[in-house]
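Residue-level listing of the chains:
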Amino acid sequence: KGELHKMSEQTKEPLSNLSNIDNIHQEVHFEDDICDYLLAHGWIGGDKNPGYYDAKLALIPSDALSWIQTIYPQEWQKLVAAHGNEGASALFIRKLTENLESQGSLSVFRQGFKMVGTGSTMLAMASFKPAFELNPDEVTKYNANRCRIVRQVHFSPYRTAESIDLVLFLNGIPVATLELKTEST
């Protein structure tokens, strides 16, 4: 109470306005601050336990598909011509998950993987910032990266009550998890 009284004198606020003082140290506020910062700097998302995250695949398929359709439109059209839009989507996601499991995410981001029907193109799942901005195509590819933050991700289809506070995704692929703690948790 002494601290509340001192605080109210310092801030010149009545004690009734300080009723949420116990809540300021909750993890959700830290989560809010991180999300607000990233969203203000070009990230997308910030929603809690979205339906677009696939716990079985550990991916956001819509982001992976958006990336491939934007960066490799000719290769994507070849897949669609051969398999239809839904078939091409399912085939791509299957090949992506297979390559993530066999090669690891870093290899899939940097080197990519080949798919039958797309020619000899290696389908890299990320574009890194070019050292020089002389090539506008490389800058466009880099700017097309979909950096997403998702809150309270229910990561397992079997342990649905458990969640990770924040997960960072690049083009639909998780790259980092954040389990937030405060002094009181």
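A quick note: this is a predicted structure, and the numbers were derived from the prediction, not measured. Positions within a chain are numbered from 1, following the residues in the order the chain's sequence is written. Local features are withheld for residues below a pLDDT of 70 in this predicted model, meaning they are given only at 70 or higher, and side-chain atom pairs are given and counted only at 80 or more; totals for whole chains, interfaces and linings count all residues. Side-chain numbers come from the whole structure's heavy atoms, not from hydrogens or water.

### Digging into the packing of aromatic side chains
And step 1. Each Phe, Tyr or Trp ring, with Trp reduced to its six-membered ring, pairs with another whose centre is within 6.5 Å; inter-plane angles below 30 degrees give stacked pairs, above 60 give edge-to-face pairs, and intermediate values give tilted ones. This model, assessed by the stated rule, comprises 2 aromatic pairs.
And step 2. The rule is short: NZ of Lys or CZ of Arg within 6 Å of the ring centre and within 35 degrees of the ring normal puts a charge over the ring. When the ring centre of F128 is taken as origin, the NZ or CZ atom of R110, which lies over that ring, is 5.0 Å away.

### Observations concerning the sheet that holds strand β3 (residues 164–170)
And step 1. Judged by pairing direction, the sheet is mixed, and its 4 strands sit side by side in the order β1-β2-β3-β4 without closing on themselves. Looking along the sheet, the strands with just one partner apiece sit at the ends: β1 (44–48) and β4 (173–178). Neighbour-to-neighbour, the strand axes of this sheet turn through a mean angle of 20°, independent of strand direction.
And step 2. When DSSP finds two or more bridges between a pair of strands, those strands are recorded as paired. Only runs of H or I of at least four residues qualify as helices and only runs of E of at least two qualify as strands under DSSP, and these elements are numbered from the N terminus. Here strand β2 (residues 147–153) runs beside β3; their pairing, made up of 6 bridges, is antiparallel. Axis definition: a line fitted to C-alpha atoms, limited for helices to the stretch in contact. Angles are taken between N-to-C directions and run from 0 to 180 degrees.

### Some details on the packing of helix α3 (residues 61–71) against helix α4 (residues 73–103)
And step 1. Packing of α3 against α4 leaves a shortest axis separation of 11 Å and a crossing angle of 155°. Classified by the angle between their axes, α3 and α4 sit roughly antiparallel to one another. Regarding α3 and α4, the two cross each other, and that crossing is right-handed. Here α3 contributes P61, A64, L65, I68, Q69, T70 and I71 to the contact with α4, which in turn contributes P73, W76, S89, F92, I93 and L96. Angles are sorted into four bins: roughly parallel if under 35 degrees, roughly antiparallel if over 145, roughly perpendicular if 65 to 115, and oblique for all others. Handedness of a crossing is defined here by the sense of rotation of the near helix relative to the far one, left-handed for an anticlockwise turn of less than a right angle and right-handed for a clockwise turn. When checking whether two residues touch, look at their non-hydrogen atoms; a contact exists if any pair is within 4.5 Å.

### Examining the side chain of E31
And step 1. Turning to its location among the elements, E31 is positioned in helix α2 (residues 27–40).
And step 2. With residues near it in sequence (within four places) discarded, E31 still touches K48, R151, Q152, D165, L166 and L180.

### Describing unusual backbone geometry
And step 1. Positioned with a positive phi, A58 is a non-glycine residue whose angle comes to about 60°.
And step 2. Mapped onto the secondary structure, A58 falls in the loop between β1 and α3.
And step 3. In this structure A58 comes out as partly exposed when scored by relative accessible area, which is 30%.
And step 4. Positive phi, close to 50°, is recorded for Q152, a residue that is not glycine.
And step 5. Structurally, Q152 can be placed in strand β2. Each residue's exposure class comes from its accessible area (1.4 Å probe, protein chains only) as a fraction of the maximum for that residue type: buried when under 20%, exposed when over 50%, partly exposed otherwise.

### Concerning the pairing of β3
And step 1. Counting buried residues in β3 gives 7 out of 7 residues, a clear majority hidden from the surface.
And step 2. Of the strand pairs in this sheet, β3 and β4 are connected by 5 bridges, and their pairing is antiparallel. From the neighbouring strand, L168 faces β4, where its bridge partner is A176.
And step 3. As consecutive antiparallel partners, β3 and β4 are separated by 2 residues, and within that stretch N171 has a phi angle of approximately 55°, a positive value.

### Observations regarding the nonpolar core
And step 1. To define a nonpolar core, start from buried Ala, Val, Leu, Ile, Met, Phe, Trp, Tyr and Cys residues and group those joined through side-chain atoms within 4.5 Å. Counting residues in each nonpolar core, the largest one holds 26 residues, and the members touching the most others are I68, F92, L96, F113, M125 and I173.
And step 2. At the level of elements, α3, α4 and α5 (105–110) are the ones that each hand at least two residues to this core.
And step 3. Sorting elements by how many residues they give to this core places α4 first, with 8 residues.
And step 4. Core analysis: the next-biggest nonpolar cluster, separate from the first, contains 8 residues, Y53, A55, V150 and V167 among them.

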